[in-house]
Amino acid sequence: MKAVKFEKYGGLDVLQLEEVPRPAPKDKQVLVKVKAAGINPGEASIREGKLDKQFPTTFPSGEGSDFAGIIEEVGTGVIGFAVGDEVLGFTNNRASHAEYLVAETDEIVKRPNNVSWEEAGGLFVAGTTAWASVKAVSLKTGDTVVVSGAAGGVGSIVIQLAKNAGAKVIGLAGEANQQWLTNHGIIAVTYGDGQADRIKAAANGKIDAFIDTYGQGYVELALELGVPADRINTIIDFEAVQKHGVKADGSAKAATAEVLAQLADLIASGKLEITIAKTFPLSQVREAYSELERRHTRGKIVLLP
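Remember, it's a predicted structure, so these values are computed and weren't measured experimentally.

Visitor: So what's going on with the overall build of the protein? Which residues, and what values?
Guide: Within the protein, the regular secondary structure consists of ten helices and 14 strands. Taking 2.2 N^0.38 as the reference for a compact globule, 305 residues should give roughly 19 Å; the C-alpha atoms of the protein span a radius of gyration of 19 Å, in line with that estimate. In terms of overall dimensions, the protein has C-alpha extents of about 60 × 40 × 35 Å along its principal axes. Burial statistics for the protein: of 305 residues in total, 53% are counted as buried. Contacts spanning at least 24 positions in sequence make up 67% of the contacts within the protein whose residues lie at least 6 apart. When the accessible surface of the protein is summed, it comes to about 13,400 Å², and 49% of that surface belongs to carbon and sulfur atoms. Averaging the positions of the 32 positive and the 38 negative side-chain charges in the protein gives two centres separated by 3 Å.

Visitor: Can you explain the sheet that holds strand S10 (residues 187–190)? Please cite residues and give values.
Guide: Here five strands make up an open sheet; going across it, the order is S10-S9-S8-S11-S12 and the pairing parallel. Where the open sheet ends on each side, the last strands, each with one partner, are S10 and strand S12 (232–234). Across this sheet, the average inter-strand angle for adjacent strands is 15°, counted without regard to direction. Alignment of strand S9 (residues 168–173) against S10, held across four bridges, turns out to be parallel. By the bridge assignment for S10, Gly-171 is matched with Ala-188.

Visitor: Describe helix H9 (residues 257–268), naming the residues involved and giving the relevant values.
Guide: Residues that lie three or four places apart on an α-helix share one face, since the helix turns once every 3.6 residues. With twelve residues, H9 extends 16 Å between its outermost C-alpha atoms, agreeing within 8% with the 16 Å of an ideal straight helix rising 1.5 Å per residue. Those residues of H9 not exposed but buried are Ala-257, Val-259, Leu-260, Leu-263, Ala-264 and Ile-267. Buried residues in H9, looked at end-on, bunch into an arc of 160°, giving them a common side. Turning to H9, the residues buried within the fold contact strand S5 (86–90), strand S7 (108–110), helix H2 (117–121), helix H3 (124–136) and helix H4 (155–164). Just downstream of H9 lies Gly-270, where phi reads positive at about 80°.

Visitor: Break down the packing of aromatic side chains for me, with residues and values.
Guide: We describe a pair of aromatic rings using the distance from one ring centre to the other and the angle between the two ring planes. With the rule as written, the count across this model stands at five aromatic pairs. For the ring pair Phe-6 and Phe-59, a centre distance of 6.0 Å and an interplane angle of 70° mean the geometry is edge-to-face. In this pair, Phe-6 is assigned in the loop between strand S1 (2–5) and strand S2 (16–19) and Phe-59 in the loop between helix H1 (41–47) and strand S4 (66–74), connecting sequence segments 53 residues apart. Ring plane angle 80° and centroid distance 5.0 Å describe the contact between Tyr-9 and Phe-59, whose orientation is recorded as edge-to-face. Note that Tyr-9 is positioned in the loop between S1 and S2 and Phe-59 in the loop between H1 and S4, a separation of 50 residues in sequence. Given the relative accessible area of 28%, Tyr-9 is considered partly exposed. Judged by relative accessible area, which is 34%, Phe-59 ranks as partly exposed. Put simply, the rings of Phe-6, Tyr-9 and Phe-59 touch in pairs and so form one group of aromatic residues. The cationic tip of Arg-47 hangs over the ring face of Tyr-289; the distance from NZ or CZ to the ring centre is 5.7 Å.

What counts and how
Residues numbered from 1 in each chain as written. Predicted model: local features only at pLDDT ≥ 70, side-chain atom pairs only at ≥ 80, totals over all residues. Heavy atoms only, no water. Helix = DSSP H or I, 4+ residues; strand = E, 2+ residues; numbered from the N terminus. Rg over C-alpha atoms; globule rule 2.2 N^0.38 Å. Buried < 20%, exposed > 50% of the residue type's maximum accessible area, 1.4 Å probe, protein only. Contact = heavy atoms within 4.5 Å. Areas by Shrake-Rupley, 256 points an atom, 1.4 Å probe, with all protein chains shown as cover. Lys, Arg positive; Asp, Glu negative; His and termini not counted. Charge placed at Lys NZ, Arg CZ, Asp CG, Glu CD. Pairing = 2+ DSSP bridges. Axes fitted to C-alpha atoms, helices over the stretch in contact; angles between N-to-C directions. Expected span 1.5 Å × (residues − 1). Arc of directions from axis to C-beta. Phe/Tyr/Trp six-rings, centres within 6.5 Å; stacked < 30°, edge-to-face > 60°. Lys NZ or Arg CZ within 6 Å of the ring centre and 35° of its normal.

Written out as structure tokens, the structure reads:
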């Protein structure tokens, strides 16, 4: 089978599509033929060595957490899943960017019929990160929350979960994404010079919470806008976390099959939309990450092995 590998830290050029042995499931594991697998900014940072202290790498390394696919084989002791089941899930073994992977049965859920492969395969990291971010700032009905990077892979889910929680949501994004935000019931504000004044005008009162999915000074902006530190969550600016004591809850805070199932049910019931920006074949993994790293994509980029 083919799988994405890299043998040293570096840029896109270190990513290789290699022929490797197909794994076999062991106790309480299943073998999944991957139909779709999301890509995420954190994976690019790991590949570049930027997160070596938090997530050390053993080379050669595989890549990828999100996936959706069809069970081809079950190991011993598997209950509740069978060959042919369509599932979505996650792996902590950096292995989803491949034609097949072995998954633990407590890391998969069955795919609802009306959730596409692309939505299912790109859901886990962005979805659970968004879930944890919204929980971190304790949103309640009537709160006003600002979201930076509001049209990105995580931000586009955050805004919807925040709106579902009853909050008034102000989304920061580029000009090209203003109408998309408006169509989703979000108060759209362009980022850049003068954004603080535009946010204040849009809020028309106190700003209760701020969720930063982009970095580059948005935590400081939130503090300047009078948002308490315990109601600011960033998924990327860890220096600001150390400096200001804001929260940094992300995927690890919600990385369970139960949360994944709830997110999938929201999609199935029409209460959550996962925007798929682009799809790429596994052979174009470098091109997929090149697109991601430009940081101007609306929604998720997904590999289709």
